[in-house]
Amino acid sequence: MSSKLASLLDQRRPLVMGILNVTPDSFSDGGCYDNHHAALDHVLTMLEQGADIIDIGGESTRPGADHVSKETEIERVIPVLESLRALTDACISVDTSTPEVMKQAAAAGCDLINDVRSLTRADALSVAATTSLPVCLMHMQGEPKTMQENPCYENLIDEICAFFSERIAVCEEAGIDRQRLIIDPGFGFGKTPEHNLMLVNRLGQLDTFELPILVGLSRKSTISKIVGSDESLKAGSIAGALLAVTGGAKIVRVHDVKETVAALKIATSIQREQPQ
Ligand code: 8Y7
């Protein structure tokens, strides 16, 4: 594990990963930050608000999204990453499944590879191995284009655990130390609302891997389906983040950094019976 992420995880409090979408069509930032300077501003704001990690993504993985070429992804992600690296020592994650992006992101000084496809693309394993960076492995059933059409499991938790067992073994064989891995059940990635809700309750079953757990529930459709209006999405997402952390998540990937940081401070203070 990179010393930067490892020392953050050593703090034994939940970490907040702020989302920076550099895509013209993202789940909910809708292209607001596709401009370089606005993107940098947004990151600096999230860091001031207490984000521990920033996750930069140039490929929309929202349900139904089209494939993005590696050239487009590189054009979107690398210049922003380079500018950010010059501005801050903060932990920066790159959300990508593309080996060429991983390679260039590592050269530009990123600290974590966040791959929703768990290094399944050709060459992703070997490239990730050579970067020496930590990797977040996420569970997904199917591919973003079609994953929400008919998600179906015989046993959700067993299948997710089997998936992680296999991917962890494959990573180790490729030379990626187990200590470099983070796991994520992949809320909304080939899952119905019922699946997602059950997963929050059963997060503890992923403890058997003894790896940090990351979760992303922020503004996802399960939250919006329950709370309805846009104004309630923030509160709904924070409730999800709190319960995920209570269930054992070590990192929450969120849009609303300021409010999530405040909510988690209360959770940690209550847990320690000491104001944090
Ligand atoms: C997740 C993610 C997205 C998630 C991890 C969105 C890139 C969809 N969701 N990465 N990425 N976990 N590790 O709504 O849940 O932000 S994209």
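On a predicted model such as this, the values are computed, not experimentally measured, just so you know.

Colleague: I'd like to hear about the overall build of the protein, residue by residue, with values.
Modeller: Check the secondary structure of the protein and you find ten helices and eight strands. In terms of C-alpha radius of gyration, the protein reaches 17 Å, essentially the compact-globule figure of 19 Å for 276 residues. Reported as C-alpha extents along the three principal axes, the dimensions of the protein are approximately 40 × 40 × 35 Å. Going through the 276 residues of the protein one by one, you find that 54% of them count as buried. In the protein, the proportion of contacts linking residues at least 24 apart, taken out of those at least 6 apart, comes to 69%. For the protein, the computed accessible surface area is about 12,100 Å², with 50% contributed by carbon and sulfur atoms. Counting 25 positive and 38 negative side-chain charges, the protein places the centres of these two groups 3 Å from one another.

Colleague: Mind laying out the sheet that holds strand β1 (residues 15–21), listing which residues take part and the relevant values?
Modeller: Strands sit in the order β6-β5-β4-β3-β2-β1-β8-β7 across an open sheet of eight strands; the sheet is parallel. This sheet does not close on itself; its edge strands, each paired only once, are β6 (181–184) and β7 (214–215). Pairing between strand β5 (residues 135–138) and β6: four bridges, direction parallel. Residue pairing across strands places Val135 opposite Leu181, the latter belonging to β6. The strands touched by helix α3 (residues 70–87) are β1, β2 (53–57) and β3 (91–95); relative to β3, the strand with the most contacts, the crossing angle is about 180°.

Colleague: Break down the packing of α3 against helix α4 (residues 99–107) for me, citing the residues and quoting the values.
Modeller: Their axes nearest at 10 Å, the elements α3 and α4 cross at an angle of 15°. One element, α3, and the other, α4, form an angle in the roughly parallel class. In this structure, α3 meets α4 at a crossing whose hand is right-handed. Facing α3, whose interface residues are Lys70, Glu73, Ile74, Ile78 and Leu81, α4 presents Glu100, Val101, Gln104 and Ala105.

Colleague: So what about the environment of Ala65? Which residues, and what values?
Modeller: Tracing the sequence through the fold places Ala65 in the loop between β2 and α3. With a relative accessible area of 7%, Ala65 lands in the buried category. Spatially, the C-alpha atoms of Ala65 and Glu143 are 9.7 Å apart, while their sequence positions differ by 78 residues. With residues up to four places along the chain from it excluded, the contact list for Ala65 reads Ser60 and Lys145.

Colleague: Account for the pattern of salt bridges, naming residues and giving values.
Modeller: Under the definition given, this model contains twelve salt bridges. Between Glu59 and Arg117 there is a salt bridge; the shortest N-O distance is 3.0 Å. In this pair, Glu59 is assigned in the loop between β2 and α3 and Arg117 in the loop between β4 (112–115) and α5 (124–131), connecting sequence segments 58 residues apart. Neither Glu59 nor Arg117 differs from the other in exposure class; each is buried. Because the salt bridges share partners, they merge into one network encompassing Glu59, Arg117, Arg121 and Glu143.

Colleague: Account for the packing of aromatic side chains, with residues named and values stated.
Modeller: Tallying each qualifying case throughout the model produces two aromatic pairs. Seen from their ring centres, Phe163 and Phe164 are 5.5 Å apart, and the 65° between their planes marks the pair as edge-to-face. An aromatic cluster is present here, built from Phe163, Phe164 and Phe209 joined pairwise through their rings.

Colleague: Kindly report on α4, identifying the contributing residues and their values.
Modeller: Listing the buried residues of α4 in full gives Pro99, Val101, Met102 and Ala105. Along the axis of α4, the buried residues cluster in a sector spanning 160°; they form a single face. Turning to α4, the residues buried within the fold contact α3, β3, β4 and α5. Looking one or two residues beyond α4, the residue adopting positive phi is Gly109, at roughly 95°.

Colleague: How would you sum up the packing of helix α9 (residues 233–246) against helix α10 (residues 257–272)? Please name residues and give values.
Modeller: Close contact between α9 and α10 brings their axes to 10 Å; oriented N to C, the two are set at 40°. Of the two possible hands of crossing, α9 and α10 adopt the one that is right-handed. Mapping the contact onto sequence places Lys234, Ile238, Ala241, Leu242 and Val245 in α9 and Glu259, Thr260, Ala263, Leu264 and Ala267 in α10. Its residues assigned to classes, the contact of α9 with α10 shows seven nonpolar, one polar and two charged.

Scoring rules and cut-offs
Residues numbered from 1 in each chain as written. Predicted model: local features only at pLDDT ≥ 70, side-chain atom pairs only at ≥ 80, totals over all residues. Heavy atoms only, no water. Helix = DSSP H or I, 4+ residues; strand = E, 2+ residues; numbered from the N terminus. Rg over C-alpha atoms; globule rule 2.2 N^0.38 Å. Buried < 20%, exposed > 50% of the residue type's maximum accessible area, 1.4 Å probe, protein only. Contact = heavy atoms within 4.5 Å. Areas by Shrake-Rupley, 256 points an atom, 1.4 Å probe, with all protein chains shown as cover. Lys, Arg positive; Asp, Glu negative; His and termini not counted. Charge placed at Lys NZ, Arg CZ, Asp CG, Glu CD. Pairing = 2+ DSSP bridges. Axes fitted to C-alpha atoms, helices over the stretch in contact; angles between N-to-C directions. Parallel < 35°, antiparallel > 145°, perpendicular 65-115°, else oblique. Left-handed = near helix turned anticlockwise from the far one by under 90°. Salt bridge = Lys/Arg side-chain N within 4 Å of Asp/Glu carboxyl O. Phe/Tyr/Trp six-rings, centres within 6.5 Å; stacked < 30°, edge-to-face > 60°. Arc of directions from axis to C-beta. Nonpolar A, V, L, I, M, F, W, Y, C, P; charged D, E, K, R; others polar.

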